[in-house]
Amino acid sequence: MQPELCPCESAIPLKQCCDPLIRGDFSATTAEQLMRSRYTAYALHAFQYVAKTWHPSSRPAELAQLLQNESVGTLWRGLSIVETHAGRAVNEAYVTFFARYTSDQQPGWIYETSRFVRENNHWYYIDGVHKIPGRNETCPCGSQKKFKKCCAR
């Protein structure tokens, strides 16, 4: 029997990839690792982890409960990391990702450049800028198709 692969699409079993981070056994060592584990937490409805890894300076009040209420009927379908790069500050990094989901049987996606900071050896999500791909651009999901012929449908 094959072990369950991690929802973050790392091709690594969940128990060896994001699960130890979500359980609190380890902290993410990079912003990308935190991004992947946060995506996995959304997919697994582990919203306490999402709240814990959102920097207190920008975290909405009662975040875990809000996410729980909003996630009913949402199924996360895949994650593509488009780009990662360091920020201007030593402890700042950016991760651009494309996440696909189905909510109430309607397909959707999030295309965002997220900003992360590292404090006391822990990475935190701060905020993000949503992006909209052009219809004739290559789809950020990694399919190599034009966006209009892929995830924009």
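Residues numbered from 1 in each chain as written. Predicted model: local features only at pLDDT ≥ 70, side-chain atom pairs only at ≥ 80, totals over all residues. Heavy atoms only, no water.

What to know about helix 4 (residues 63-70)
Where helix 4 is concerned, the buried positions are Leu63, Ala64 and Leu67. Projected down its long axis, helix 4 carries its buried residues within an arc of 100 degrees, all on one side. The inward-facing, buried residues of helix 4 contact helix 2 (31-44) and helix 3 (47-52). (Buried < 20%, exposed > 50% of the residue type's maximum accessible area, 1.4 Å probe, protein only. Helix = DSSP H or I, 4+ residues; strand = E, 2+ residues; numbered from the N terminus. Arc of directions from axis to C-beta. Contact = heavy atoms within 4.5 Å.)

Some words on the nonpolar core
Ranked by size, the top nonpolar core spans 30 residues in total, and within it Met35, Val50, Leu79 and Phe116 carry the most contacts. Within the residue set of this core, elements represented by two or more residues are helix 1 (19-23), helix 2, helix 3, helix 4, strand 1 (74-86), strand 2 (92-103) and strand 4 (122-130). Not counting chain neighbours up to four residues away, the residues in contact with Phe116 comprise Ala31, Leu34, Met35, Arg38, Asn91, Glu92, Ala93, Val95, Trp123, Tyr124, Tyr125 and Ile126. By size, the runner-up hydrophobic cluster in this structure holds seven residues, among which are Tyr111, Cys141, Phe147 and Cys151. (Core = buried A, V, L, I, M, F, W, Y, C linked by side-chain atoms within 4.5 Å.)

Overview of the environment of His55
Its place among the elements puts His55 in the loop between helix 3 and helix 4. Between the C-alpha atom of His55 and that of Ile126, which follows or precedes it by 71 residues, the distance is 5.5 Å. When residues no more than four places from it in sequence are discounted, the contact partners of His55 are Val117, Glu119, Tyr124, Tyr125 and Ile126. A polar contact of 3.0 Å, which involves the side chain of His55, links it to the side chain of Glu119. (Polar contact = N/O pair within 3.5 Å; in protein donor to acceptor, adjacent residues only side chain to side chain.)

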